[in-house]
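Geometric and topological summary
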2 protein chains.
Amino acid sequence: MPKLGMEPIRRDALIKAAIIELGQVGSLDVTVARIAKRAGMSSALAYHYFGSKEHMFLAAMRHVLSVYGAEVRGALAVGETPQARIRALVRVSFTGSNFRRDVVAAWLNFYVMAQRNDQAERLLRLYQARLRSNLRHALRPLVGGRAASLADGAAAMIDGVYLHEALGTGEPDGARAARAVETWLDAAISGKAP
Amino acid sequence: MPKLGMEPIRRDALIKAAIIELGQVGSLDVTVARIAKRAGMSSALAYHYFGSKEHMFLAAMRHVLSVYGAEVRGALAVGETPQARIRALVRVSFTGSNFRRDVVAAWLNFYVMAQRNDQAERLLRLYQARLRSNLRHALRPLVGGRAASLADGAAAMIDGVYLHEALGTGEPDGARAARAVETWLDAAISGKAP
DNA sequence: CATTTTGTTGATTGACCAGTCAATAAACAA
DNA sequence: TTGTTTATTGACTGGTCAATCAACAAAATG
């Protein structure tokens, strides 16, 4: 009973199913058939829309990154002062859909994928560059020349907290995670390190 | 032409081959046959000594962790002051065999593995707990009650820098990585954040 | 109505891979 | 010497999975 205009719906369902499956099972055991089943269709249809498993993963990755990017832009637009913008950048990494267990685990798998897939690597690098750039710009009015190294440190810390969360058992606590990063940033901004 | 007493030699060769293979190809495409070939034997022999692919990966993980643990103990024994011990803990994560590209990439795969394998998860958690405990004890004389949260922050930052290195293209620069973490720690120690 | 476009799947294929096993051979023990 | 332990592999199996394809069904188009 085919209905027209299904393509975007199917694509979306597959991408979301891929993220959940990646988070739950890990890239090793994720099969196209499983993803398709979770998305409520046959695996042949998944191939019809994405052509290959790799393309599906890349699409899932782009989706995660684009949602994150949109949330970052939204948060930045609201922040009036440099301090507010920094807080927004940190908070947005640890709130909403970004900090769901599934998504965090999917990120981890994307990192592994990026080690052998050029397109995945480029995507991830682009995200990192943007995050750093945003952090630098927000930090510059506050710390001047130290902005670059502080931005790098903050980016590393965000990734580290993320990584830890991927392995944690308890429910993810975004507020606590954000506080940890902010506590450091406060100390570093007011500190006298180079 | 079998020689006696080969078991430890074979096991060692397989473990090292597994780490290299894991770092170069990623857990998705690592097969027992590839590992065995790199270690200079048939896959049947690999099964003879390890029983399963999973057991081989776990052994590789234990090896990486035990080398790291030994280096940590060595560095701690040398440090006389709390400051020296903290520096030692940070430095040791970014020097020697721990910071080789292969090993860093293998770590990343271990993180993914830990999401679905209980033993791997326990191993990784044990390592994290030890690192935190060491950092806490070294920090306590310097910052008192803030030791716990600073230790958590330092651990996150070490992991984050590690993660970034796994994705980086340039040659790994352990000195720079260590300096980044130390710069933060200096600021945080002298800072007035909670 | 006839044709084209879009959606959909069951069945199939070809490859690969984890794990097993029987067989062989050197070293050692009796 | 005969038997036992240790080392080693080639050949095999059972299963799985990515990817393909032919065929069918509904809507749109003419």
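Preceding this section is the structure that the text describes.
Report follows, based on the coordinates. Source: prediction; values computed, not measured.

What counts as what
Residues numbered from 1 in each chain as written. Chains lettered and ligands numbered in written order. Predicted model: local features only at pLDDT ≥ 70, side-chain atom pairs only at ≥ 80, totals over all residues. Heavy atoms only, no water. Least-squares fit on C-alpha atoms with pLDDT ≥ 70 in both. Contact = heavy atoms within 4.5 Å. Near = heavy atom within 4 Å. Polar contact = N/O pair within 3.5 Å; in protein donor to acceptor, adjacent residues only side chain to side chain. Helix = DSSP H or I, 4+ residues; strand = E, 2+ residues; numbered from the N terminus. Buried area = accessible area lost by both parts, 1.4 Å probe. Salt bridge = Lys/Arg side-chain N within 4 Å of Asp/Glu carboxyl O. Buried < 20%, exposed > 50% of the residue type's maximum accessible area, 1.4 Å probe, protein only. Expected span 1.5 Å × (residues − 1).

Let's talk about the relation of the copies chain B and chain A
Screw-axis analysis of chain B against chain A gives a translation of 0.0 Å along the axis, an RMSD of 0.1 Å, and a rotation angle of 180 degrees. Look at the turn and shift together and you get a two-fold axis relating the two. Scanning chain B for the C-alpha nearest the rotation axis identifies Gly160(B), at a separation of 1.9 Å. Both copies share a contact surface, since 100% of the interface residues of chain B are interface residues in chain A too.

A short note on the protein's contact with DNA strand D
Around DNA strand D, the surrounding shell holds 22 residues, and the nearest of these are Tyr47(A), Lys53(A), Met6(B), Arg10(B) and Ala44(B). Close to the protein, within 4 Å, the atoms of DNA strand D belong to sugar or phosphate groups at a rate of 76%. In this structure, a phosphate oxygen belonging to DNA strand D sits 3.3 Å away from a side-chain N or O atom of Tyr47(A). Interatomic distance of 3.4 Å between a backbone N/O atom of Gly5(B) and a phosphate oxygen of DNA strand D. Among the elements of the structure, α3 (43-50) of chain A together with α1 (7-25) and α3 (43-50) of chain B are those that each provide at least two residues to the surface near DNA strand D. The element best represented in the surface near DNA strand D is α3(B), accounting for four residues.

Some words on the interface of chain B and chain A
The partner chain A presents 37 residues to the 37 residues of chain B that form the contact. At the boundary of chain B with chain A, total buried surface from both sides reaches about 3,400 Å², with 67% on carbon and sulfur atoms. Run the count over chain B and chain A and you get zero salt bridges. Taken together, chain B and chain A are joined by four residue pairs in polar contact (both at pLDDT 80 or more). Of all the elements in the fold, those that place two or more residues in the side of chain B that touches chain A are α6 (101-114), α7 (118-143), α8 (147-167) and α9 (174-190) of chain B.

Overview of the pattern of salt bridges
Throughout the structure, instances matching the rule amount to 20 salt bridges over all chains. Arg132(A) serves as the salt-bridge partner of Asp152(A), at 3.1 Å between the closest nitrogen and oxygen. Placement of the pair is Asp152(A) in helix α8 (residues 147-167) and Arg132(A) in helix α7 (residues 118-143), with a sequence separation of 20 residues. On the basis of relative accessibility, which here comes to 34%, the residue Asp152(A) falls in the partly exposed class. On the accessibility criterion, Arg132(A) (14% relative accessible area) is buried. Note that Arg11(B) is salt-bridged to Glu7(B), the shortest N-O span being 2.6 Å. Taken together, the positions of Arg11(B) and Glu7(B), both in helix α1 and four residues apart, correspond to about one turn of that helix. Taking the relative accessible area as the measure of exposure, Glu7(B) reaches 38% and is therefore partly exposed.

Topic: helix α4 (residues 53-78) of chain B
Residues and elements named next belong to chain B. Given a rise of 1.5 Å per residue, 26 residues ought to cover 38 Å, and the 38 Å separating the end C-alpha atoms of α4 matches this to within 8%. Taken together, the buried positions of α4 are occupied by Met 56, Phe 57, Leu 58, Ala 59, Ala 60, Met 61, Val 64, Leu 65, Tyr 68, Gly 69 and Val 72. In this fold, the buried residues of α4 make contact with α1, α2 (32-38), α3, α5 (82-93), α6 and α7.

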